[in-house]
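In case you want the letters, here they are:
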Amino acid sequence: MQQDPAQPTLFFPFAQPPDPGRLEEVARDVMWLRLPLPYRLDHVNIYLIKDGNGWATVDTGLGTDDCRAAWDAVLAGPLAGERLTRMVVTHYHPDHVGLAGWLAERFGLPLAMPRTEYLYSLALQYAPGDLGAEMHRPFYRRHGMPSEVTDLVLSRGHEYLRRTTGVPTTYHRIKHGDALQIDARRFAILTGGGHALEQAMLYQPEDRLFFAADQVIARISPNVSVHAMEPDLDALGIYLRSLHGLRETIPPDVLVLPGHGLPFYGLHVRIGELIEHHAQRCAEIAAACQEQSLSVAGILPHVFRRELDAHQTGFAFGEVLAHVNHMLARGELVLATDADGTDRYRTS
């Protein structure tokens, strides 16, 4: 059952996700598996596409015992007697690539992945310390984060980056504009930044299927962050351009298969909602900086009014900075640096 694309609402053809260890058929020869995450966002969606006499998996899950156990349950249950053929990993975040090394070693699965996402996964695998505390500390200090909060974020908030089993030493590069053949299906590869670096999405026009990864999710806004490695990046501008490109490229009546949440119809409606969400967030920041100059840490409680744990604080900080950098690029904020080296922003 498909939504009328003229209707300005989202339609969810599946009211509930599959139970742990079970699969849900979401389209012809496409299965939906849900794996657990130990965070407020407590799951990630994996999709299995029929591939000859086996199944290709789109993403792998986090490198935890719980995710391994869920895979074991599926392979001993609904997929008993069948096999996995290959992995297509959309991006480097550990809830998507975390079990790639384990699946490759256990089943000999080849990996297809965008080059930028693969290389960043290697960087996290072989040099996690170089992307850790000492690199981030001056970054947070520059933006007004108190030292005790910085310590908390660095000791716990980046732990998720280490929840991976690595990636194989060889892979097949996929890039924007490629076609990926899986059995009789031919998927167009699209890539987009903002949430990740070069996140892959798969579009199969004949069956109206769009594997959106984390670029478009129904009920939450994908995290769009700026990190210490590229502190001045306009990540939000990159993300918004990606959304506009998707709206021009993908028709409105596809079944969207996202990395989190429920599959849905209403892609163009949701893209419009996401664009409006970020416009409202920029308006909140502009209002907060109207009367006084604020650091990113000072803006944080004006945007995220609930209590945040260390994991969430790291994401929230990066997201506020993404909006600040975007507003700077558009001339909507003015930057001034205090004598102590703290960057503060005021509405222009």
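Model, not experiment: these values are computed from the prediction. (Residues numbered from 1 in each chain as written. Predicted model: local features only at pLDDT ≥ 70, side-chain atom pairs only at ≥ 80, totals over all residues. Heavy atoms only, no water.)

## Side note on the sheet that holds strand E13 (residues 264–265)
Hydrogen bonds along the backbone pair up the strands of a sheet, which may run parallel or antiparallel. Spatially, E8-E9-E10-E11-E12-E13 is the arrangement adopted by the six strands of the open sheet, whose pairing is mixed. With one partner strand each, in any of the chains shown, strand E8 (179–182) and E13 form the two edges of the open sheet. (Pairing = 2+ DSSP bridges. Helix = DSSP H or I, 4+ residues; strand = E, 2+ residues; numbered from the N terminus.)

## Comments concerning the state of the cysteines
For the structure on display, the rule yields zero disulfides. Cys289 forms no disulfide, and the closest cysteine sulfur to it belongs to Cys282, at a distance of 11 Å. Owing to a relative accessible area of 0%, Cys289 belongs among the buried residues under this scheme. (Disulfide = S-S within 2.5 Å. Buried < 20%, exposed > 50% of the residue type's maximum accessible area, 1.4 Å probe, protein only.)

## Quick word on the sheet that holds strand E3 (residues 43–51)
One open sheet accounts for seven strands, arranged E1-E2-E3-E4-E5-E6-E7; its pairing is mixed. This sheet does not close on itself; its edge strands, each paired only once, are strand E1 (24–27) and strand E7 (172–173). Examined bridge by bridge, strand E6 (residues 111–113) and E7 share two bridges and lie parallel to one another. Bridge pairing in E7 places Ala112 opposite His172.

## Re the nonpolar core
Membership of the largest hydrophobic core comes to 51 residues, with the highest contact counts inside it found for Phe210, Val216 and Val324. Looking at this core, the elements that each hand over two or more residues are helix H5 (133–142), helix H6 (147–157), strand E10 (199–204), strand E11 (209–213), helix H7 (235–249), helix H8 (267–288), helix H9 (296–303) and helix H10 (310–329). Element by element, the count of residues in this core is highest for H8, at eight residues. With residues near it in sequence (within four places) discarded, Val216 still touches Leu243, Leu246, Val256, Pro258, Phe264, Leu267, Arg270, Ile271 and Leu274. Judged by nonpolar contacts, the second largest core, of 30 residues, contains Trp71, Leu99, Met113 and Tyr118. (Core = buried A, V, L, I, M, F, W, Y, C linked by side-chain atoms within 4.5 Å. Contact = heavy atoms within 4.5 Å.)

Any functional reading would require information that these geometric values do not contain.
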